[in-house]
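# Descriptive analysis of the structure
Next come the chains, spelled out residue by residue.
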Amino acid sequence: MNPKYSKMFEPVSLPSGITLKNRIVLAPMTHMSSNPDGTVSDAELAYYARRTGGAGMSVTAVTHVTPNGIGFPAQFASFDDSYIPGLKRLADTIKQQGSVAVLQMFHAGRLTPEQAVPAGQVVAPSAVASERPGSPEPREMTDEEITSVIRDFGEATRRAIEAGFDGVEIHGANGYLIQQFFSPHSNRREDRWGGNVEKRLAFPLAVVDEVQRVVSEHTKLPFIVGYRFSPEEPETPGLTMEDTYALVDALKEKNLDYLHVSLNEFWSKPRRGEADTRARIEYILDRVGGKLPVIGVGAIHTADEAAEALETGVPMLALGRELIIEPDWVEKIESGREEDIETVLTKSDQERLVIPDGLWNAIIHTPGWFPMADDK
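What comes next is a walk through the structure. A quick note: this is a predicted structure, and the numbers were derived from the prediction, not measured. Along each chain, the written sequence defines residue order, and numbers are assigned to residues from 1. A pLDDT threshold of at least 70 governs which residues receive local features in this predicted model, and a stricter bar of 80 or more applies before side-chain atom pairs are shown or counted, although totals over entire chains, interfaces and linings include all residues. Side-chain numbers here rest on the full set of heavy atoms in the structure, without hydrogens or water.

Now for the layout of surface pockets. A cavity, in this analysis, means grid points on a 1 Å lattice covering only the protein atoms where a 1.4 Å probe fits yet has no way out; a pocket is instead an open set bounded by protein on both sides within 12 Å along at least five of seven lines, and a residue lines either one if it has an atom within 4 Å of a point. Grid points are joined across faces, edges and corners, and a volume is the space filled by probe spheres set on the points. Here the largest pocket defines a volume of roughly 1,200 Å³. Secondary structure follows DSSP: runs of H or I at least 4 residues long count as helices, runs of E at least 2 residues long count as strands, and numbering of each begins at the N terminus. Taken together, the elements giving at least two residues each to the lining of the largest pocket come down to α4 (177–182), β13 (316–319) and α10 (321–325). Following the grouping adopted for this structure description, the nonpolar residues are Ala, Val, Leu, Ile, Met, Phe, Trp, Tyr, Cys and Pro, the charged ones are Asp, Glu, Lys and Arg, and the polar ones are all others, Gly among them. Per-class residue counts for the lining of the largest pocket are 19 nonpolar, 16 polar and ten charged. Here the second largest pocket is characterised by a volume of approximately 180 Å³. Together, 13 residues line the second largest pocket, and L111, T112, P113, R132 and S135 are the ones closest to its centre. For the lining of the second largest pocket, the per-class residue count stands at six nonpolar, four polar and three charged.

Bringing the pairing of strand β9 (residues 167–172) into the picture now. Think of it in three bands: residues with accessible area under 20% of the maximum for their type are buried, residues over 50% are exposed, and the middle band is partly exposed, with areas taken using a 1.4 Å probe on protein chains only. With respect to burial, β9 is a largely interior element, six of its six residues being buried. Neither face of β9 is open: one carries G167, E169 and H171, the other V168, I170 and G172, and all of them are buried. Pairing between strands is defined by DSSP: at least two bridges between them are needed. Bridge count between strand β6 (residues 100–106) and β9: four bridges; the pairing is parallel. What sits directly across from M105, in β9, is I170. Relative to strand β10 (residues 224–229), β9 runs parallel, the two being bridged by six bridges. Bridge pairing links E169 to G226 in β10.

A separate point is the packing of aromatic side chains. The geometry of an aromatic ring pair is captured by two quantities: the separation of the ring centres and the angle between the planes. Put simply, two rings from Phe, Tyr or Trp (the six-membered ring, in Trp's case) pair if the centres are within 6.5 Å, and we call them stacked under 30 degrees between planes, edge-to-face over 60, tilted for the rest. What the rule picks out here adds up to nine aromatic pairs. Each ring, one from F266 and one from W267, has its centre 5.0 Å from the other, and the planes form 75°; the classification is edge-to-face. We classify W267 as partly exposed; its relative accessible area is 37%. Ring centres of W369 and F370 lie 4.9 Å apart, and the angle between their planes is 85°; this geometry places the pair in the edge-to-face category.

Here it is, written out as structure tokens:
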């Protein structure tokens, strides 16, 4: 192995007591390939078996914790004990490859597709539609519904424990329900769940508390609890870096194992609220102040790009698209074959790379999402 890449192969000790073999994380990537009944499919298991051998930790595609929290077609569920056997197959598949297995969980809130739930069941903190084209106006959640969803996150965590996962990641990013409660765009409430920034933090922190309560109650083994967040929103009003600092300040006191920053580009600059001289990830690392590990992500493809990103001091790097394109990315760098890493897809790659139909169709029909080359 080239010595300049040695940092990415250093072990990482998480606060819970689990040690990762290296600093590379398989990022959660939606693959829309679960069975029609919401159980984990054989195609998904093959996908994970192919690309989790090198990463120190692997975070699954997101699972919904309530029936009306689904966010995508063909998404696997975790809202009932009947799903535990399939979740166990998924956890076992990842762990057999030598990676730490983490289940990402969420509720899609106002981003739930209308056709995926009964009429009137697209719910959110407030009756404010997303600015994404074609978004429905959601129904405002009652206080009882809110407390029920918090418990649902806890129950999904229990199922993850019983299925043998090493941890869970709370998906508080990308405009889904947890972020919706924190955002001034989607949360216009005037009760205990909304208002100023401290009140808008109530729901995210309640979810964290419930997840951690369940972990302490249901396992004595080390168990990871991570939290993913998006640092800014494009909407006005919307989340700013100042809001994110308030979130980070609260989360870093919660004894979490890591914070996972959701970015399309690792080096992206703040859109407002900060001078644009440094990347968002650098401001966030300063705010965390080393109190817990941070995972950076976004358009990292080559070994040199990963090495440069680690120079910021970020403890871990998540790779999503690149580990789809090159499942042996970690192994090739470790064995000195970084020149052999593929960084583009061709239209004939699906079978070779063990990419499920749902994900492959999304790749082919979403221009610019993945770098594509002419067929070889």
